Amino acid sequence: LDGTIYGKDILFYLADMDPANMQFNLALDVTNLDIGRLDDPDPKAKKRDAELSLNAKIYGTGVDVSKGMTGINGTIGISKIGDDFAKQLLKALSEEKGKSKLGPFGSLANRFTPLGFDYFIDGGIMYATVKMPFLVPIENHELKFDRIPIQEYLRKVKENRNEK
């Protein structure tokens, strides 16, 4: 995948070996990771548009994702993202059953590529802020989304990825 993944903190507390009681703490810096290689592993197929840079601090209790992700907390800040992937992330946030949740700004916002994403995760519920270009006439050039179950969001991102 090229790029760099730097794990500042990677801690797991196994407790009594019961997945519900296990704890984790991850602090990562990802720089220029070529996520396009997930679709095409050929190193010659490198696409500049598919690079991703982010900072993440994720922590919580319980590692059994089959029972939901309610024990996950933290922040993820995406500072560099390719156009296609950025649009897929925005679409997963802004559409419900094929219809835009942004009202009259929906078609305008979808024409521009987001500049970055900030996610705050609390108890498996995600709050997202999407940084838009200055050409998009919205307050502070940001779109805010509240109370999104993280599993639902990840499912939508996967579906959008499979549509391509």
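Going along each chain's sequence as written, the residues are numbered from 1 onward. Local features in this predicted model are restricted to residues whose pLDDT is 70 or higher, and side-chain atom pairs enter the listing and the counts only when it is 80 or higher, whereas totals over whole chains, interfaces and linings include all residues. Only hydrogens and water are removed before side-chain values are computed, so all heavy atoms of the structure are retained for them.

Enquirer: Break down the packing of aromatic side chains for me, citing the residues and quoting the values.
Expert: Pairing of aromatic rings covers Phe, Tyr and Trp, the last through its six-membered ring, and needs centres within 6.5 Å; plane angles under 30 degrees mean stacked, over 60 mean edge-to-face, and all others mean tilted. Under the criterion given, the structure shown has three aromatic pairs. Both rings, one in Phe117 and one in Tyr119, keep their centres 6.0 Å apart while their planes meet at 5°; by these two values the pair is stacked. The pair Phe117 / Tyr119 is uniform in exposure class, with both members buried. Look at Phe120 and Tyr127: their rings are 6.1 Å apart centre to centre, the planes differ by 40°, and that puts the pair in the tilted class. The exposure class of Phe120 is partly exposed, given its relative accessible area of 41%. An aromatic cluster of at least three residues, connected via ring pairs, comprises Phe117, Tyr119 and Tyr153. Remark: exposure states derive from per-residue accessible area (1.4 Å probe, protein chains only) relative to the maximum for the residue type, with buried under 20%, exposed over 50%, and partly exposed in between.

Enquirer: Give me the packing of helix α1 (residues 83-94) against helix α3 (residues 150-163): which residues, what numbers.
Expert: Interaxial angle, 0 to 180 degrees, is taken between N-to-C directions of lines fitted to C-alpha atoms, where a helix line uses only the stretch in contact. The secondary structure listing takes helices from DSSP runs of H or I that are at least 4 residues long and strands from runs of E that are at least 2 residues long, numbered from the N terminus. The geometry of α1 relative to α3 is characterised by a closest axis approach of 9 Å and an angle of 130° between their N-to-C directions. Between α1 and α3, the angle falls in the class oblique. As for how α1 packs across α3, the hand of that crossing is right-handed. Where α1 approaches α3, its residues Phe85, Gln88, Leu89, Lys91, Ala92 and Leu93 are matched on the opposing element by Tyr153, Lys156, Val157, Asn160, Arg161 and Glu163. Under the grouping applied here, Gly and all other residues not named as nonpolar or charged are polar, the nonpolar ones being Ala, Val, Leu, Ile, Met, Phe, Trp, Tyr, Cys and Pro and the charged ones Asp, Glu, Lys and Arg. Grouping the constituent residues of the contact of α1 with α3 by class yields six nonpolar, two polar and four charged. Angular relationships are summarised with four words: roughly parallel below 35 degrees, roughly antiparallel beyond 145, roughly perpendicular across 65 to 115, and oblique for the angles in between. What makes a crossing left-handed is the near helix being turned counterclockwise from the far one by less than a right angle; a clockwise turn instead makes it right-handed. Whether two residues touch is decided by their heavy atoms; if any such pair falls within 4.5 Å, the residues are in contact.

Enquirer: Give a description of α1 that names residues and reports values.
Expert: The end-to-end C-alpha distance of α1, which contains 12 residues, comes to 16 Å, matching closely the 16 Å that a straight helix rising 1.5 Å per residue would cover. Where α1 is concerned, the buried positions are Phe85, Ala86, Gln88, Leu89, Leu90, Ala92, Leu93 and Ser94. In this scheme, a helix's expected span is set at 1.5 Å multiplied by one less than its residue total.

Enquirer: Outline the sheet that holds strand β3 (residues 51-61), supporting the account with residue identities and numerical values.
Expert: Taking strand neighbours across the sheet as the criterion, the seven strands line up as β1-β2-β3-β4-β7-β8-β9 in an open arrangement whose pairing is antiparallel. The sheet terminates laterally at β1 (4-13) and β9 (142-149), the two strands that pair on one side only. Each neighbouring strand pair of the sheet contributes to a mean axis angle of 10°, computed without reference to strand direction. Strand pairing is defined by DSSP finding a minimum of two bridges between the two strands. Across five bridges, strand β4 (residues 72-80) lies against strand β7 (residues 116-122) in antiparallel orientation. The residue bridging Ile76 from the neighbouring strand is Tyr119, located in β7. Across the face of the sheet, α3 comes into contact with β7, β8 (125-131) and β9 while running at roughly 115° to β9.

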